[in-house]
Structures are given as structure tokens and as C-alpha cells.
Amino acid sequence: MFEFFSTKGFKSYVKEARKILDGNWTGRYTKPSPTLYPHQWNWDSAFMAIGYAHYSEDRAIKEIHSLFGHQWENGMVPQIVFNPEALGNYFPEPDFWQVPGGRLTSGITMPPLHAIACLHIYQHAKNRRSAHDFLKEMYPKLMASHRYLYRHRDPVKTGLVYIRHPWESGLDNSPSWDCPLKNIQVEKTGLPAYKRKDLAHGVPVEQRPSNEDYDRYVYLVDLFRENHYDETEIYRQCPFLVQDVLFNSILCRANRDLAEVGKIIDQDVSEVEEWLAQTSRAIRERMWSPERKQFDPIDLITGEQLPTATAASFMPLFAVAASQKQAQLLYERLNSVSFCALHQGNCFTIPNYDMARNEFDPKNYWRGPVWININWMLSQGLKSYGYREKSDAMKKDMIQLPVRFGFHEYFDSITGKGYGSDSFGWTSSLFIDLVYEYYDEDRQALNWLGRRKSRKLKDVKILNEVPGVIPSPAADLAPKLMSSIGELKDMFYSMDRGLVDYAAMKRSEEYRSYLESVVHLKAFDLKGLVTREEKLAFWINLYNTIVVQGIVELGLNSSVRGISNFFTHIAYDIGDYTFAPDDIEHGILRSNAHPPYRMSPVFKGRDPRRAYMIEPMDNRIHFALVCGSRSCAPIRFYEAGAIDDQLETATRNFINSSEVVILPEKNKILLSEIFNWYKKDFGHRRDIFRFLRPYLDQDEKAEYLAEHMDTIEVEHLFYDWNLNH
Ligand code: 9WN
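Small disclaimer: the values here were computed from a predicted structure and weren't measured.

Comments concerning the environment of L306
Next up, step 1: Within the secondary structure, L306 is located in the loop between β7 (304-305) and α13 (316-319).
Next up, step 2: The exposure class of L306 is buried, given its relative accessible area of 8%.
Next up, step 3: Sequence separation between L306 and K668 is 362 residues; the distance between their C-alpha atoms is 45 Å.
Next up, step 4: Setting aside its immediate chain neighbours within four residues, L306 contacts S176, C179, P180, V242, D296, P297 and D299.

The following block contains the structure:
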């Protein structure tokens with residue numbers, strides 16, 4: 001490897017996302033979409049603020065201020081704050097809601113994400129002092145909004161609050177509401193006259209709620225206004241009262257964050273802690289269905305759980321309310337075909353609804369497409385329970401969706417095509433958050449101008465020296481080393497995602513025994529490696545292992561880029577010579593080809609190590625060498641007897657992973673930086689395409705590439721240098 005740090009890749013997409021937010025920004029709040037949703041929406045604003053927190057604290061704060069400026073006296077934060085200048089394009093608007101006091105808001109609420117957003121703003125603030133002031137100002141308002149929920153939406157003190165309209169759930173036409181909505185008898189003639197406006201913006205009818213749904217939405221609004229938004233009366237009369245899993249999970253998580261906010265500004269947080277304890281217990285105990293092994297909403301009209309199969313049932317992970325056992329069961333369900341187990345290849349993770357169910361519809365709104373906000377919360381929840389690999393994999397997939405298909409409201413869970421509104425607010429803001437968070441350790445890569453600060457270590461550190469162990473020649477050292485590496489691999493490498501548990505490895509007996517055998521490399525005769533296959537397997541395995549050992553020994557915990565000369569600083573003494581990873585990669589395996597962006601080869605002049613170069617070089621090594629980072633190949637153990645097949649598999653896997661993405665809709669191919677750095681090995685565009693062709697899964701994308709070799713635009717992907725731990 002080498003020390004050139006690319007800042008390409010997602011940079012242009014982050015810019016695009018920011019441009020969308022600029023376009024939707026009104027000066028006070030951000031429209032969820034330029035046309036379909038022209039007003040301010042409750043939970044959308046929290047998601048917007050989460051993205052803005054990374055680059056515009058000011059906007060993040062204004063967004064929240066604007067919403068809470070319309071908080072009702074009883075503490076309720078309304079679902080919509082209407083913009084008087086944008087009236088006429090949405091239904092229902094204030095003339096229909098007729099809320100008390102002539103307010104320009106709707107008369108329902110939404111999942112209370114705002115304490116989460118406020119804490120996030122504070123945590124990312126550059127100006128801590130003003131962020132602290134912001135928390136002080138927000139705390140009583142946030143407390144009032146939670147108090148409203150516990151007082152008016154949990155009248156019999158169950159610890160769970162109810163929603164009284166599907167719009168309050170945020171997941172309007174979720175199949176979870178089919179049953180309770182069906183139980184509402186609606187006489188068309190008894191309904192007030194209304195005209196839907198959501199279909200006037202070019203979104204096809206099959207991607208939106210049905211007319212029957214709308215009749216019921218309107219019926220409920222009518223009931224609220226007839227009762228003058230009196231919560232006690234509504235509770236008595238409303239035929240739709242549901243304790244929703246998503247809503248309560250968000251409330252629970254918001255309590256957690258609100259307690260944190262309270263502590264930051266020295267408040268007594270006992271009331272919030274009490275809410276937190278009650279709600280997490282109630283989620284764990286009352287919403288869990290032992291037969292279905294999932295969390296289900298509770299219909300307060302029937303008193304029964306509503307067996308459902310939406311992604312909402314995973315949300316107690318976000319709340320950190322699920323027990324370890326429940327979390328494990330949720331994780332298993334998430335990893336099943338019902339929710340498009342990762343990289344299944346024929347769908348996108350994770351659809352909003354169980355793909356195996358009849359009601360599943362990959363195109364229809366909350367009945368099956370992929371939604372970034374839901375997956376964003378879920379990936380956070382998975383991380384909280386230690387399912388870091390799955391969480392990271394979901395984040396990576398979420399980042400890919402807008403890159404491939406645009407910043408849409410939701411995405412077809414089978415084809416990935418974007419639906420609903422385009423230029424969608426929370427898809428853009430959460431994309432920004434995901435890119436920043438996922439590449440958190442690597443902020444410098446997002447800093448367009450910056451070069452990262454890294455340490456340069458002096459001298460070369462020989463890693464195969466153990467005091468008291470005398471190197472001795474052993475004819476079978478190579479196979480012994482390989483089996484020792486194999487043991488480490490079995491114990492500490494996770495083969496499915498190519499991750500390594502470095503900390504556990506360092507403490508292990510197996511690692512100590514590996515260190516003892518690696519000492520004998522000093523007495524190893526490289527001439528004993530005769531065939532090309534033996535040499536390839538030996539050097540690839542050795543490269544991968546020295547990199548892992550280097551990470552362990554230097555105590556790196558975020559990226560190999562922490563040490564600017566990592567790949568030349570560590571080395572093994574083998575026979576009479578010293579080999580650093582760069583010597584192995586560029587000298588031996590690349591037949592002494594120039595490392596990228598360097599003027600000279602690693603073996604200069606008559607360097608005797610040239611005698612061990614493997615010629616001709618095999619390009620496939622690039623997909624087998626591990627650099628301790630998430631973007632490089634997963635670690636495998638290579639065997640001389642099977643090396644060709646193994647390299648073939650490694651290459652095929654890499655080329656069909658998210659490191660090579662063909663986007664016919666954009667006439668673009670996104671390629672791993674590896675193809676850019678190693679132009680010398682792969683050649684230029686047409687040569688690269690020819691190389692890719694036999695490895696690509698033969699689908700319409702491969703066909704597209706074959707037909708558009710001359711015109712397709714090439715873009716190189718951001719290289720993820722974070723440690724693969
Ligand atoms: C009704 C704004 C909102 C989101 C919701 C989403 C959709 C509104 C609608 O758009 O709902 O609130 O008219 O369909 O379902 O989650 O907040 O983006």
C-alpha cells in the first residue's frame with residue numbers, strides 16, 4: 001500500500017445532498033420536499049437537524065426553533081406547521097384542521113425525535129457555548145412535550161403512549177394499521193367533502209395511500225375538530241387508538257437523550273429517568289410477543305396486540321429497551337430473507353415490510369420500500385447492542401442507495417429505483433450524517449483541502465523477534481506458519497464480513513504461538529519455494545499477516561493511516577533479507593512495478609531481493625491483499641494447491657461487491673480506488689472494463705457496461721481506510 005490519501009468518491013454526493021437541503025431551506029425550516037410537502041413537518045425537522053449538525057449548527061438550531069415556536073400550550077408539538085405563503089398545495093391545511101386559536105398547525109403530533117436531535121446538535125457543535133445555551137433553552141420545551149405525551153396519551157399509566165391517527169406514526173399506510181382502520185365504519189355520505197392533493201405532484205397512485213385510507217384519515221380529523229381537540233373526549237370517542245412500537249421506541253430513546261441533556265445543563269432528571277424506566281419496561285414486557293418473537297403494537301380498542309411484520313418491530317433496538325435475548329432474536333429475523341439478508345443480491349436492505357408476506361409491495365409507500373430514516377435508526381440500534389458489522393453494513397448500503405438512484409423519498413426494495421418525491425430532505429440530511437459518521441475516524445478525507453495528520457515512525461520495526469526464541473531452519477516452516485495463520489483466522493477473523501478482532505487476538509495464546517513460529521522466518525530459505533503457486537500463497541498470506549500483526553503491535557485503533565509510513569515501517573527478516581509489506585506487495589507480488597505515485601520501484605539497482613519477484617504479475621493479487629481497512633479485500637487463507645481458484649473467487653467477490661457499482665440510470669460506473677491507483681496494472685478504462693467483464697455477475701448491468709464501454713463515465717469511490725475491526 002502507499003500513503004496517498006484520496007478525497008474523491010462521496011464528496012460530490014455530500015455536495016449534492018447539501019444543495020438539495022439549500023433548495024428546500026426556507027430561511028426558517030426545511031421543506032421535506034420541494035413540491036409534495038411544502039410545510040414544516042415534525043419528525044422531518046429532527047432528521048434535518050441531525051444532518052445540519054455536521055456543517056451548519058445555525059440551521060440545525062433554527063429548524064428546531066421554528067417547530068417549537070408552534071408548540072401548543074398543552075405541550076404538544078404539532079405534526080405540521082403550515083407556511084402561510086405556501087398554502088393551497090397540500091391537503092389537509094389549516095382550513096380543514098380548524099385547530100383552536102386559529103393556529104397554523106395540524107392537530108396531531110408525530111414521533112418525538114427532538115431530544116435526540118438536540119443532543120446530536122450539542123455533540124457535534126463547534127461552538128459548545130452556544131450549543132449549551134441552546135440546550136438550556138430547549139430543555140423545558142422538550143420536557144413539556146414528553147409530559148404532554150405521558151399525561152394525555154397514557155391516561156391509565158401503562159408506560160406506553162398511544163397515537164390517535166396513522167399520520168402520527170409517521171408510517172401512514174403501514175400494514176400495521178390495516179386492521180384497526182378496517183374496523184372504522186366510514187359512511188361516505190357522512191364524511192366532509194375533501195380533495196386529495198398528494199396525487200397532483202406526479203407521484204403515481206400505486207406509490208401512495210389508497211382512497212379508502214384517506215377516507216379514514218379524514219374521518220379521524222373530522223372527529224378531532226368536532227371535539228375541539230379535547231384529549232379526554234377524543235380518548236373516549238376515537239376508534240383508532242394504538243400503542244405503536246416505533247412511536248414508543250423513539251419516545252424511550254428520546255427520554256434517554258433528554259436525561260443526558262438535563263445532566264449536561266445540571267438539571268434534576270428524575271422525572272425523565274422515571275419515564276425512561278417505565279417505557280422501556282413496558283416495551284420489553286407488554287409489546288413483546290413470545291410466539292412471534294417480535295415486538296407488536298397494541299390496539300387499545302380491542303386490547304389485543306396487532307401481529308404485524310414491519311421494520312418498526314425492530315425499533316426497541318433504537319430505544320435500547322429490548323433485552324439481550326430479544327435483541328438476539330430480532331437480529332436473527334433481520335438477517336433472514338424476510339428482510340433481505342445482506343447482499344442477498346436481489347433486493348435492498350432493509351425493506352420496510354416482511355418480503356415474505358402477501359401485503360408486501362416494494363413500491364407502495366410504507367408497505368415495502370426501503371426508507372433511509374427507518375434504517376438509520378435501526379443501524380444505530382444494532383450498534384448499541386454490539387451488532388456492529390450489521391450496523392456498518394446497513395450504513396454502507398444506505399449510503400449506496402441515494403448515490404445509485406438519487407435522493408428520493410423511498411426506494412423500491414427490489415430494484416432500488418427511487419420513488420415518491422425526489423430531492424427529499426431527510427434522505428439528504430441523513431446521507432450527510434451517515435457519510436460523516438461512517439467515516440468519522442476519517443474526517444480528513446471529507447475535508448476537501450486537508451491532508452490528514454499522521455505520525456511518521458522512525459526506523460524499521462522488525463516484527464519477527466521474540467527474546468529467547470532462537471531462529472532455526474525448518475523445512476516445514478511455510479506450512480507451519482500457514483497453519484498458525486489459519487488458526488488465527490479461524491478464531492479472530494470473521495470471514496463473512498472480513499473483519500478482525502484485533503484486541504482479542506493480541507491477548508490470545510494462539511497469537512503468542514504465531515509470534516514464536518514467525519521468528520523462524522529468519523532462518524528460512526526462500527529458495528525452498530519453487531512453484532509459482534507456492535510463492536503466491538506464501539507471500540500473500542505473509543503480507544496479510546504482517547499487516548495484521550503490525551496493527552496489533554502498534555496498537556492502532558482507528559486506521560492504518562494513523563502511521564504515515566505503516567507499510568514500510570514494519571518488516572520481517574526472512575533469510576538474509578528484510579521485507580516490509582511494501583517490498584512484498586510492490587517488489588515481490590507486483591514484479592517490482594512502481595508503487596502508485598512514487599518515482600522509483602522498491603527494489604532499486606541490484607537489490608538481491610529481485611531474485612524472488614513473481615513474474616509475470618497476477619492482477620488478482622489486488623483482491624487478496626489485506627490492508628487492515630474496510631475497503632480492501634476480506635482476509636482469506638491462500639493455499640498453493642488451490643491458489644488459482646481462490647484468487648478467482650476473491651476477484652469475483654470484490655468485483656460484485658459495492659466496490660464496483662454500475663449505474664445505468666446515470667451512465668456511470670463507480671470503481672474502487674484500487675483501479676485508479678493501479679492503472680499501471682489494470683490499464684485505462686477499456687482495459688479495466690475488459691478485465692471486469694468475465695467476473696461481473698451476468699445481469700443487465702454487465703450488459704449495459706458491455707454496450708456503453710466508450711461513453712460510460714468512470715468515478716472512483718471513496719476508499720474507506722477505517723480499520724476492519
Ligand atoms: C402526512 C413529510 C411526511 C413524513 C411522513 C410521511 C408523509 C404525510 C403525507 O410525509 O406523510 O404526514 O402527506 O403523506 O409518511 O412520515 O413525515 O415528509
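Side note on the sheet that holds strand β16 (residues 668-671)
Next up, step 1: One open sheet holds the three strands; their spatial order is β15-β16-β17, and the pairing between them is mixed. The open sheet has two free edges, formed respectively by β15 (660-663) and β17 (713-716), since each of these has just one partner strand. Ignoring strand direction, the axes of neighbouring strands in this sheet form an average angle of 20°.
Next up, step 2: Pairing of β16 with β17, which is carried by four bridges, proceeds in the parallel orientation. Looking at the pairing, L671 lines up with H716 of β17.

Describing a negative patch on the surface
Next up, step 1: Taken together, the side chains of D697, D699, E700, E703 and E707 define an acidic patch exposed on the protein surface.
Next up, step 2: The class for E700 is exposed, based on a relative accessible area of 58%.

Focus: the site of the ligand
Next up, step 1: Taken together, 16 residues form the shell around the ligand, and within it D44, Y90, G170, D172 and Y365 come nearest.
Next up, step 2: Taking Y365, its side chain carries an N or O atom lying 2.5 Å from an oxygen atom of the ligand.
Next up, step 3: Within the side chain of W366, an N or O atom sits 2.9 Å from an oxygen atom of the ligand.
Next up, step 4: The protein chains hide 100% of the 410 Å² of surface that the ligand would expose on its own.
Next up, step 5: A per-class count over the shell around the ligand returns 11 nonpolar, two polar and three charged.

Digging into the side chain of Q71
Next up, step 1: In this fold, Q71 is placed in the loop between α3 (57-68) and β2 (80-81).
Next up, step 2: Note on Q71: relative accessible area 17%, which makes it buried.
Next up, step 3: Only 2.9 Å separates the side chain of Q71 from the backbone oxygen of G75, close enough to count as a polar contact.
Next up, step 4: A polar side-chain atom of Q71 sits 3.0 Å from the main-chain carbonyl oxygen of K141.
Next up, step 5: Apart from residues lying up to four places away in sequence, Q71 is in contact with M76, V77, P78, K141, A144 and S145.

Describing unusual backbone geometry
Note: most peptide bonds trans; most residues except glycine with negative phi.
Next up, step 1: Here the residue pair F91 and P92 is connected by a cis peptide bond, since its omega of -5° sits within 30 degrees of zero.
Next up, step 2: Secondary-structure assignment places P92 in the loop between β2 and α4 (94-97).
Next up, step 3: The residue after E615, namely P616, is reached through a cis peptide bond having omega -10°.
Next up, step 4: If you trace the backbone, P616 turns up in the loop between α24 (581-589) and α25 (643-655).
Next up, step 5: For Q98, which is not glycine, the phi torsion reads 45° and is therefore positive.
Next up, step 6: As for its position among the elements, Q98 is in the loop between α4 and α5 (114-124).
Next up, step 7: Phi is positive for K293, close to 55°, though the residue is something other than glycine.
Next up, step 8: As for its position among the elements, K293 is in the loop between β4 (288-289) and β5 (294-295).

Section: the pattern of salt bridges
Next up, step 1: Inspection of every chain in the model, using the stated rule, returns 36 salt bridges.
Next up, step 2: Notably, a salt bridge pairs E137 with K141, separated by 3.3 Å at the nearest N-O pair. Highlighted residues: E137 and K141, both in helix α6 (residues 128-152), separated by four residues, approximately one helical turn.
Next up, step 3: R292 is the partner of D296 in a salt bridge, and the nearest nitrogen-oxygen pair spans 2.6 Å.
Next up, step 4: Salt bridges sharing common partners tie together R532, E533, D618, R620, D644 and E648.

A word on the environment of D268
Next up, step 1: Within the secondary structure, D268 is located in the loop between α11 (245-264) and α12 (270-287).
Next up, step 2: Its relative accessible area of 61% is what places D268 among the exposed residues.

Re the environment of Y331
Next up, step 1: Tracing the sequence through the fold places Y331 in helix α14 (residues 324-334).
Next up, step 2: Residues in contact with Y331, not counting those within four places in the same chain, are L382, Y387 and K390.

Examining the sheet that holds strand β10 (residues 461-462)
Next up, step 1: Across the sheet, three strands lie side by side as β10-β13-β14; this open sheet has mixed pairing. On the outer flanks of this sheet lie β10 and β14 (577-579), each paired with one strand and no other.
Next up, step 2: In this structure, strand β13 (residues 570-574) lies alongside β14, joined through three bridges in antiparallel fashion. Counted as the bridge partner of D573 is T578 from β14.
Next up, step 3: Helix α22 (residues 532-554) contacts β10, β13 and β14 of the sheet and is inclined by roughly 130° relative to β13.

Remarks on the packing of α22 against α25
Next up, step 1: Close contact between α22 and α25 brings their axes to 10 Å; oriented N to C, the two are set at 50°. With respect to α25, the element α22 is oriented oblique. Contacts between α22 and α25 involve R532, E533, L536, A537 and I540 on the former and, on the latter, I643, D644 and L647.

Focus: the confidence of the model for the protein
Next up, step 1: Here the protein shows a mean pLDDT of 88. Residues at 70 or above account for 91%.
Next up, step 2: Low pLDDT (under 50) marks residues 1-8, which in the prediction has 35 contacts with non-local residues, meaning those over four places away or in another chain.
Next up, step 3: Segment residues 440-453: pLDDT under 50, and 28 contacts once partners within four positions in sequence are set aside and those in other chains are kept.

Quick word on the packing of aromatic side chains
Next up, step 1: Summed over the entire model, instances satisfying the criterion amount to 46 aromatic pairs.
Next up, step 2: Relative to Y217, the ring of Y214 has its centre 5.2 Å away and its plane inclined at 65°; by these criteria the two rings are edge-to-face. One end of the pair, Y214, and the other, Y217, are both in helix α9 (residues 211-226), three residues apart, so they sit about a helical turn from each other.
Next up, step 3: Pairing Y331 with Y387 gives two aromatic rings, centres 4.0 Å apart and planes at 5°, and the pair type is stacked. Here Y331, found in helix α14, pairs with Y387, found in the loop between α15 (372-384) and α16 (388-405); they are 56 residues apart in sequence, far enough to count as distant.

About the cut-offs
- Residues numbered from 1 in each chain as written.
- Predicted model: local features only at pLDDT ≥ 70, side-chain atom pairs only at ≥ 80, totals over all residues.
- Heavy atoms only, no water.
- Helix = DSSP H or I, 4+ residues; strand = E, 2+ residues; numbered from the N terminus.
- Buried < 20%, exposed > 50% of the residue type's maximum accessible area, 1.4 Å probe, protein only.
- Contact = heavy atoms within 4.5 Å.
- Pairing = 2+ DSSP bridges.
- Axes fitted to C-alpha atoms, helices over the stretch in contact; angles between N-to-C directions.
- Patch = residues over 30% accessible without salt bridge, like charges linked within 9 Å, V, L, I, M, F, W, Y side chains within 5 Å.
- Areas by Shrake-Rupley, 256 points an atom, 1.4 Å probe, with all protein chains shown as cover.
- Salt bridge = Lys/Arg side-chain N within 4 Å of Asp/Glu carboxyl O.
- Lys, Arg positive; Asp, Glu negative; His and termini not counted.
- Charge placed at Lys NZ, Arg CZ, Asp CG, Glu CD.
- Near = heavy atom within 4 Å.
- Polar contact = N/O pair within 3.5 Å; in protein donor to acceptor, adjacent residues only side chain to side chain.
- Nonpolar A, V, L, I, M, F, W, Y, C, P; charged D, E, K, R; others polar.
- Parallel < 35°, antiparallel > 145°, perpendicular 65-115°, else oblique.
- pLDDT = per-residue confidence, 0-100.
- Phe/Tyr/Trp six-rings, centres within 6.5 Å; stacked < 30°, edge-to-face > 60°.

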